[in-house]
Amino acid sequence: MVTITAREDIEQALRDPNLIPLPAEAGPEGSMAWLRATVARFAHGPVHVRRRAYVEAELARIDPDALRRLAADAVGDDRVRVLRSLARAMELPELDDAAIEALLVVAANYFGGDEPAADDAVKLLLPLMNADDPEQAANRIGMLIQACDATAALIAAVRDHSGDVHAALRDDPPVPVMRRTAIAATRIGQTAVAEGELVLLEVGSVGLTFGHGPRVCPGRSLALALAEGALKNE
């Protein structure tokens, strides 16, 4: 494993097409494995470009001010408030407790867990995504899941820093590291990376918790709006 800590090298790594997120193995449609293999997060190349374009278009429809107000009015713990607020902003059907629990199960298995209940959770969620195309439905679930834990962690960090978002991002970033794997040999700064090698990028310590380059987080402004709204009445 190679660890990259310098900001300029991390930025280079995040632009390098030979370094990709850990790939996901496919599974039967509607399964947890299928979801991971169908979202933009774990794709690369032209497939990632196409799926990311869809996610960007979906996020662009959301008004940050409206999302901030939804977060201010939402109830529950931080993860539940994030999920309910974002789902409403995405104009999805009202999520009942079963749907929220399903999202939390999927979130717990998103990066490789194999809890049997996750397959049932995906099957429950797909019809609620208001999308006839299964790939689009999967990516709507992905939008909710990727906001869930990371934004809840941001809310907790901002709370601990007395509402100072910039201090929270500097001192307690919600995404401290990113992982990539090399699909071909490459070089980052002075570091040679062999094909198949795992690369650990310490993004949080250099202010890149939202990423950089072609895979920069498209939901940065919405994550900040959720955090600001969630803390408004505290």
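Preceding this paragraph is the structure being described.
Keep in mind that this is a model prediction, so the values were computed, not measured.

Engineer: For this particular structure, what's the right way to read helix α6 (residues 97-109)?
Structural biologist: The periodicity of an α-helix, 3.6 residues per turn, causes residues three or four positions apart to be oriented the same way. In this model α6 runs 19 Å from its N-terminal to its C-terminal C-alpha over 13 residues, within 8% of the 18 Å that 1.5 Å per residue would give. Where α6 is concerned, the buried positions are A99, I100, A102, L103, L104, V105, V106, A107 and N109. Packed against the buried residues of α6 are α2 (32-38), α5 (78-89), α7 (117-125) and α8 (134-160).

Engineer: Looking at this structure, I do not really get helix α10 (residues 220-231). What am I missing?
Structural biologist: With 12 residues, α10 extends 17 Å between its outermost C-alpha atoms, agreeing within 8% with the 16 Å of an ideal straight helix rising 1.5 Å per residue. Most of α10 sits inside the fold, with 9 of its 12 residues counted as buried. Along α10, the positions that sit buried rather than exposed are L222, A223, L224, A225, L226, A227, G229, A230 and L231. For α10, the secondary structure elements touched by its buried residues are α3 (45-60), α4 (64-73), α5, α8 and α9 (165-171).

Engineer: What is the right way to look at the nonpolar core in this model?
Structural biologist: A general tendency of soluble globular proteins is for nonpolar side chains to be buried together. Counting residues in hydrophobic clusters, the biggest one holds 60 residues, and the most contacted among them are L35, I62, L103, V106, I141 and L144. Not counting residues up to four positions away in its chain, the partners in contact with L144 are L83, L86, A87, M90, L92, L103 and M129.

Engineer: How should I be thinking about the pattern of salt bridges in this particular structure?
Structural biologist: For side chains of opposite charge, pairing can occur when their charged atoms come near one another. Summed over the entire model, instances satisfying the criterion amount to 14 salt bridges. The salt bridge partner of R159 is D78, with a shortest N-O separation of 3.0 Å. On the criterion of sequence distance, the pair formed by R159 in helix α8 and D78 in helix α5 is long-range, its members being 81 residues apart. R159 gets classed as partly exposed once you look at its relative accessible area, which sits at 32%. Note on D78: relative accessible area 16%, which makes it buried.

Engineer: I would appreciate a short explanation of the sheet that holds strand β1 (residues 2-4) in the present structure.
Structural biologist: By way of backbone hydrogen bonds, the strands of a sheet pair with one another, either parallel or antiparallel. In space, the 4 strands of this open sheet follow the order β1-β6-β3-β2, with mixed pairing throughout. The open sheet is flanked by β1 and β2 (19-20), the only strands paired with a single partner. Pairing of β2 with strand β3 (residues 178-182), which is carried by 2 bridges, proceeds in the antiparallel orientation. The residue bridging I20 from the neighbouring strand is T181, located in β3. Here helix α1 (residues 7-15) sits on the sheet in contact with β1, β2, β3 and β6 (198-201), set at roughly 130° to β6.

Engineer: Just checking my understanding: could you explain the side chain of R51 for this structure?
Structural biologist: For R51, the position within the fold is in helix α3. Among the polar contacts made by the side chain of R51, one reaches the side chain of E135 at a distance of 3.1 Å. Once residues within four sequence positions are removed from consideration, R51 is found in contact with A37, T38, V39, A40, A43, E135 and N139.

Engineer: Just checking my understanding: could you explain the packing of α6 against α7 for this structure?
Structural biologist: Each pair of packed helices can be described by the angle between their axes along with the distance between the axes. Two elements in contact, α6 and α7, have axes whose closest approach is 9 Å; the angle formed by their N-to-C orientations is 130°. Looking at the two axes, α6 sits oblique to α7. Both α6 and α7 take part in a crossing whose hand is left-handed. Between α6 and α7, the contacting residues are A98, A99, A102, L103, V105, V106 and N109 on the first element and A117, A118, A121, V122, L124 and L125 on the second.

Conventions used here
Every chain's residues receive numbers from 1 upward, in the order its sequence appears when written. Whole-chain, interface and lining totals are the exception, using all residues; otherwise, since this is a predicted model, local features are given only for residues with pLDDT of at least 70 and side-chain atom pairs are given and counted only at 80 or more. Heavy atoms throughout the structure, all of them, feed into the side-chain values; hydrogens and water do not. A run of H or I in DSSP becomes a helix once it reaches four residues, and a run of E becomes a strand once it reaches two; helices and strands are each numbered from the N terminus. Each helix should span, by expectation, one fewer than its residue count multiplied by 1.5 Å. The classification of residues rests on relative accessible area computed with a 1.4 Å probe and restricted to protein chains. Under 20% of the type maximum is buried, over 50% is exposed, and intermediate values are partly exposed. Contact between two residues is taken to exist if any of their heavy atoms lie within 4.5 Å; hydrogens are not considered. Note on terminology: a nonpolar core comprises buried Ala, Val, Leu, Ile, Met, Phe, Trp, Tyr and Cys residues joined through side-chain atoms within 4.5 Å. Salt bridges are defined by distance alone: a side-chain nitrogen of Lys or Arg within 4 Å of a carboxyl oxygen of Asp or Glu. For two strands to be treated as a pair, DSSP must find at least two bridges joining them. Between N-to-C directions, angles cover 0 to 180 degrees, with each direction set by a line fitted to C-alpha atoms, over the stretch in contact for helices. What qualifies as a polar contact is a pair of N or O atoms within 3.5 Å, subject to a donor-acceptor requirement within protein and to the restriction that residues adjacent in sequence count only when both atoms come from side chains. Should an angle fall under 35 degrees it is taken as roughly parallel, and over 145 as roughly antiparallel, whereas 65 to 115 is taken as roughly perpendicular and any remaining angle as oblique. In a left-handed crossing the near helix is turned counterclockwise from the far helix by less than a right angle, and in a right-handed crossing that turn is clockwise.

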